[in-house]
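# Coordinates in review
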Amino acid sequence: MPPSATTKTAPTPKGVADYLFPLLAASFALIFCMANEALAQNRPEDRTRADSSRVSLGAPNANLCAEAAAAGRSDDEAAQACDRAVEMERLNRTNRIATEINRGAIYLRRRDGETALTAYDAVIAMDEDHAEAHMSRGVALHMMGRPGPAVSAITEALSLGVSAPYIAYYYRAAARESLGDARGAYEDYRTALEIEPNWDPAFQELARFARVRRDELADASVSEDTGGGGDDGSAP
């Protein structure tokens, strides 16, 4: 049975980045792989490379951006390379999408949700059905303290067939919890665990919900035992 909507440990918008940040690495890895598959598609000789971040596009900043995203970097040099790539280099549509995805991932690591959002919006402007961009857009919105739009964006990602739905359900659960929708959050955490039964983050969140519910029941029991039913002295 899920807890009530008064979940005691629901994250506040201010704490969203800290709440979600440990999970970002998993989605970054998936998004980076998809981005660099797109980069490799532009050169037939590179399609079979195991390390697509080494693809030479005649666009050095796009390459640096891809390599930085693959390495988990979030330093100024990495961010600036991504910015130069989208502002100065002549990239075709496929490579621009890949570069914006990598750029968004780096800015999410920097906890700069606003800049990450511009990157994912740019992707969606070029490919409105890009599921990973919609999911990451939702993460950026939640990081910015906008859980309502985050829920909408992640729901759209799920409808488009995002590659790792269990991660999307987890992010949507966090956004729903920020909105005070404990039941919706519980259902999404549970769905994430059903899709990926051995995934510890979702298991830990469901365990937290169970603890909160248990504590609420214990508090209610103590209140009844001590006569805390609100007797105002008017009874005979």
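Refer to the structure presented above.
Below you will find a few notes about this structure. From a predicted model like this one, the values you see are computed outputs, not experimental measurements.

Further remarks concern the state of the cysteines. The final tally for this structure, using the stated rule, is 1 disulfide. Residue Cys65 pairs covalently with Cys82 via a disulfide, S to S 2.1 Å. In this structure the cystine formed by Cys65 and Cys82 twists about its S-S bond by roughly 95 degrees; its chirality is therefore right-handed. Placement of Cys65 in helix H2 (residues 60–70) and of Cys82 in helix H3 (residues 76–88) is noted, with a sequence separation of 17 residues between them. Residue Cys65 shares its accessibility class with Cys82, and that shared class is buried.

Another point: the packing of helix H6 (residues 131–143) against helix H8 (residues 165–178). Orientation of H6 relative to H8, taken along the N-to-C sense of each, is 30 degrees, at an axis distance of 10 Å. With respect to their mutual orientation, H6 and H8 come out roughly parallel. Classified by chirality, the crossing of H8 by H6 is left-handed. Of the residues in H8, those touching H6 at Met135, Val139 and His142 are Ile167, Ala168, Tyr171, Ala174, Ala175 and Ser178.

Let's shift gears to the nonpolar core. The biggest cluster of nonpolar side chains holds 51 residues, and the ones touching the most others in it are Ile106 and Tyr189. If you tally residues by element for this core, the top one is H8, at 9 residues. Apart from the residues lying within four places of it in its own chain, the contact partners of Ile106 are Cys65, Ala68, Ala69, Arg73, Ser74, Ala78, Ala79 and Cys82.

Moving on: empty space enclosed by the protein. Taken as a whole and judged by the stated rule, the model has 1 cavity of 30 Å³ or more. Its boundaries defined by the atoms lining it, the largest cavity holds a volume of some 40 Å³. Contributing to the lining of the largest cavity are Leu64, Arg73, Glu77, Ala78 and Ala81. In terms of residue count, H3 provides more of the lining of the largest cavity than any other element does, 3 residues in total.

Buried within H2 are the following residues: Asn61, Ala62, Asn63, Cys65, Ala66, Ala68 and Ala69. Phi turns positive, to about 75 degrees, at Gly72, one or two residues after H2.

Let's shift gears to the packing of aromatic side chains. Scanning all chains against the criterion turns up 5 aromatic pairs. One aromatic cluster in this structure is built from Tyr166, Tyr170, Tyr186, Tyr189, Trp199 and Phe209.

Rules of the game
Residues numbered from 1 in each chain as written. Predicted model: local features only at pLDDT ≥ 70, side-chain atom pairs only at ≥ 80, totals over all residues. Heavy atoms only, no water. Disulfide = S-S within 2.5 Å. Helix = DSSP H or I, 4+ residues; strand = E, 2+ residues; numbered from the N terminus. Buried < 20%, exposed > 50% of the residue type's maximum accessible area, 1.4 Å probe, protein only. Axes fitted to C-alpha atoms, helices over the stretch in contact; angles between N-to-C directions. Parallel < 35°, antiparallel > 145°, perpendicular 65-115°, else oblique. Left-handed = near helix turned anticlockwise from the far one by under 90°. Contact = heavy atoms within 4.5 Å. Core = buried A, V, L, I, M, F, W, Y, C linked by side-chain atoms within 4.5 Å. 1 Å grid on protein atoms, 1.4 Å probe; cavity = no way out; pocket = protein on both sides within 12 Å on 5 of 7 lines; lining within 4 Å. Points joined across faces, edges and corners; volume = space filled by probe spheres on them. Phe/Tyr/Trp six-rings, centres within 6.5 Å; stacked < 30°, edge-to-face > 60°.

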